[in-house]
Amino acid sequence: MPIFSYLAIPANGAKEMLCADLASLSHCEVIPSDNREVVVLVTDTPDKATEEKLQEKLKQLQTLQSLSLTFGYDDEKIKEKLR
């Protein structure tokens, strides 16, 4: 169950459209800033394959200028390390 949080920077003037684009994707929670042109995105996917598909969809968004990872957790990787 990979969980990640990001700071998403919208393309110029596209904050509202970016929020709508992100909210339309499964496994995404969108938290727009009240006073800045930035959006907090939290993703929670059931497995690695779903996470990879979501990453591909994020890369295709025209309203997204950049995405910065702020936190990441993947219990599958932790389980692999414990083996």
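Coordinates for the structure precede this section.
Here we summarise the structure given alongside this text. By convention here, each chain's residues receive numbers from 1 onward along its written sequence. Totals for whole chains, interfaces and linings use every residue, but because this is a predicted model, local features are given only for residues with pLDDT of at least 70 and side-chain atom pairs only at 80 or more, for both listing and counting. Side-chain figures throughout are based on the complete set of non-hydrogen atoms in the structure, without hydrogens or water.

### Here we look at the state of the cysteines
Move 1: When the sulfur atoms of two cysteines come within 2.5 Å, that pair is taken as a disulfide. Scanning the model with the defined rule gives zero disulfides in all.
Move 2: With no disulfide of its own, Cys-19 lies 12 Å from the sulfur of Cys-28, the closest cysteine sulfur.
Move 3: Judged by its relative accessible area of 12%, Cys-19 falls in the buried class.
Move 4: Taking relative accessible area as the criterion, Cys-28 reaches 17% and is therefore assigned buried. Only protein chains enter the accessibility calculation, which uses a 1.4 Å probe. A residue is then buried if its area is under 20% of the maximum for its type, exposed if over 50%, and partly exposed in between.

### Quick word on the sheet that holds strand 1 (residues 2-10)
Move 1: At least two bridges found by DSSP between two strands is the condition for calling them paired. Elements are defined by DSSP. Helices are runs of H or I of four residues or more, strands are runs of E of two residues or more, and each kind is numbered from the N terminus. Spatial ordering of the open sheet is given by 2-3-1-4, a layout of four strands whose pairing is antiparallel. Looking at which strands have only one partner, the edges of the open sheet turn out to be strand 2 (28-32) and strand 4 (64-74). Taken pair by pair, the neighbouring strands of this sheet meet at an average axis angle of 20 degrees, ignoring direction.
Move 2: Where strand 1 meets strand 3 (residues 39-44), six bridges bridge the pair, whose relative direction is antiparallel. Fitted lines through C-alpha atoms serve as axes, helices being fitted only where they are in contact, and the angles separating the N-to-C directions of these axes extend from 0 to 180 degrees.

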